[in-house]
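Working through the structure, step by step
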Amino acid sequence: VKPLLERLSTVEQRLRARPDVVAGTVRVATVYSVGLHTLPPAIKRCLAEHPEVNVRLSYRRTNEVVNACLDGEVDFGIVAVPSRRPGLEIVPLGHDELVIAAPPSHPVARRARPSLAALDGQPFIGFDRDIPTRRLIDALLRRHRVRVSYVMELDNIETIKRSVEAGLGLSLLPAPTLVAEVRARTLVARPPVEGPFRRPIGVMYRSPNPTPCRRPS
């Protein structure tokens, strides 16, 4: 969370330099895994320092956040694994650490820092294939020559966690999304020994002079 808060100071400076930002209300679209778990402390601090600001937050898939920014529907989008696109500016906000999520009774939970190899051949629950975090995780597994068996592909972080709790498979998830489950002892979060593996987070907004571009599907 600390890197995110530090980066928000940079974003605030850019906000002050932008004449097109409407004073009082800031429209923000974000993905669920960031908006529900990583972003709240930063928003709380922002509102405490600027009580006159009204933040309208909506949750969407990554491609929907991008389109909303390009169309001017929102002032800012906050996504995981942001990629450069024509017509958009991106400011890095820090990162989440990816950890192995498992039920406490699973053998992988017995080690404080298991190897990624422990996932090889295991039933695995992941994000839908068009979600950037899924592509990041797949690339990570390929790089370490780990082959998992996808049994479920979902677009909602909460559904993924409930499925792991039910013993349907393991997963690689951002550590901030598992805080409540680890506290309740329904899941364990184990950083792989080969790590740390980080998922970048960034804020995007429409360029002052956007060029025509193709909308992502």
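Predicted model only: the values in this text are computed from it and were never measured. (Residues numbered from 1 in each chain as written. Predicted model: local features only at pLDDT ≥ 70, side-chain atom pairs only at ≥ 80, totals over all residues. Heavy atoms only, no water.)

**Focus on the nonpolar core**
Val-34, Cys-69, Phe-76, Ile-78, Leu-88, Val-203 and Met-204 are the most contacted members of the largest nonpolar core, which totals 25 residues. Elements with a minimum of two residues in this core: strand 1 (25-30), helix 4 (62-70), strand 3 (76-80), strand 4 (88-102) and strand 9 (197-206). With five residues, the single largest contributor to this core is helix 4. (Core = buried A, V, L, I, M, F, W, Y, C linked by side-chain atoms within 4.5 Å. Buried < 20%, exposed > 50% of the residue type's maximum accessible area, 1.4 Å probe, protein only. Helix = DSSP H or I, 4+ residues; strand = E, 2+ residues; numbered from the N terminus.)

**Concerning a nonpolar patch on the surface**
A cluster of nonpolar side chains, Tyr-32, Leu-36, Leu-57 and Tyr-59, forms an exposed patch at the surface whose accessible area comes to about 300 Å². Among the secondary structure elements, Tyr-59 is positioned in strand 2 (residues 54-59). For Tyr-59, a relative accessible area of 31% corresponds to the partly exposed category. (Patch = residues over 30% accessible without salt bridge, like charges linked within 9 Å, V, L, I, M, F, W, Y side chains within 5 Å. Areas by Shrake-Rupley, 256 points an atom, 1.4 Å probe, with all protein chains shown as cover. Salt bridge = Lys/Arg side-chain N within 4 Å of Asp/Glu carboxyl O.)

**Focus: the side chain of Arg-134**
Secondary-structure assignment places Arg-134 in helix 5 (residues 132-143). Other than its neighbours up to four places away in sequence, Arg-134 contacts Phe-127, Asp-128, Arg-129, Tyr-150 and Glu-153. (Contact = heavy atoms within 4.5 Å.)

**Some remarks on the side chain of Thr-62**
Along the chain, the position of Thr-62 falls in helix 4. Relative accessible area serves as the criterion here: at 14%, Thr-62 is assigned to the buried category.

**Some words on the packing of aromatic side chains**
Within this structure, the stated rule accounts for three aromatic pairs. A ring pair is formed by Tyr-32 and Tyr-59, whose centres lie 5.4 Å apart and whose planes are at 15°; its orientation type is stacked. On the criterion of sequence distance, the pair formed by Tyr-32 in helix 2 (residues 32-38) and Tyr-59 in strand 2 is long-range, its members being 27 residues apart. Judged by its relative accessible area of 34%, Tyr-32 falls in the partly exposed class. Over the aromatic face of Tyr-150 sits the side chain of Arg-134, whose NZ or CZ is 3.8 Å from the ring centroid. (Phe/Tyr/Trp six-rings, centres within 6.5 Å; stacked < 30°, edge-to-face > 60°. Lys NZ or Arg CZ within 6 Å of the ring centre and 35° of its normal.)

**Considering the environment of His-95**
As for its placement among the helices and strands, His-95 is situated in strand 4. Note on His-95: relative accessible area 34%, which makes it partly exposed. The spatial distance from the C-alpha of His-95 to the C-alpha of Arg-199 is 5.3 Å, given a sequence separation of 104 residues. The contact partners of His-95, leaving out residues within four places of it in the chain, are Arg-198, Arg-199, Pro-200 and Ile-201.

**Notes on helix 4**
Counting buried positions along helix 4 yields seven of nine residues, so the element is predominantly enclosed. Buried residues of helix 4: Thr-62, Val-65, Val-66, Asn-67, Ala-68, Cys-69 and Leu-70, and no others. Looking at the packing, one finds that the buried side of helix 4 touches strand 1, strand 3, strand 4, helix 5 and strand 9. Phi turns positive, to about 75°, at Gly-72, one or two residues after helix 4.

**Topic: empty space enclosed by the protein**
Overall, the coordinates contain one cavity of 30 Å³ or more when judged by the stated rule. Put simply, the largest cavity is a space of about 150 Å³. Val-31, Tyr-32, Ser-33, Ile-131 and Asp-155 are, among the 15 residues lining the largest cavity, the residues nearest its centre. Going through the elements one at a time, helix 2, strand 3 and helix 5 are the ones with two or more residues in the lining of the largest cavity. Residue classes in the lining of the largest cavity are distributed as eight nonpolar, three polar and four charged. (1 Å grid on protein atoms, 1.4 Å probe; cavity = no way out; pocket = protein on both sides within 12 Å on 5 of 7 lines; lining within 4 Å. Points joined across faces, edges and corners; volume = space filled by probe spheres on them. Nonpolar A, V, L, I, M, F, W, Y, C, P; charged D, E, K, R; others polar.)

**Thoughts on the pattern of salt bridges**
Close approach of charged atoms allows side chains with opposite charge to pair. If you walk through the whole model with that rule in mind, you get 14 salt bridges. Two residues, Arg-61 and Asp-155, come together in a salt bridge whose shortest N-O distance is 3.1 Å. Taken as a pair, Arg-61 in the loop between strand 2 and helix 4 and Asp-155 in the loop between strand 6 (149-154) and helix 6 (157-165) lie far apart in primary sequence, 94 residues in all. Assessed through its relative accessible area of 42%, Asp-155 is described here as partly exposed. The partner of Lys-161 in a salt bridge is Glu-181, and the shortest N-O contact between them spans 3.1 Å. Separated by 20 residues along the polypeptide, Lys-161 in helix 6 and Glu-181 in helix 7 (residues 179-184) bring together distant segments of the chain.

Fair warning: the whole summary comes from geometry, so function is off the table for now.
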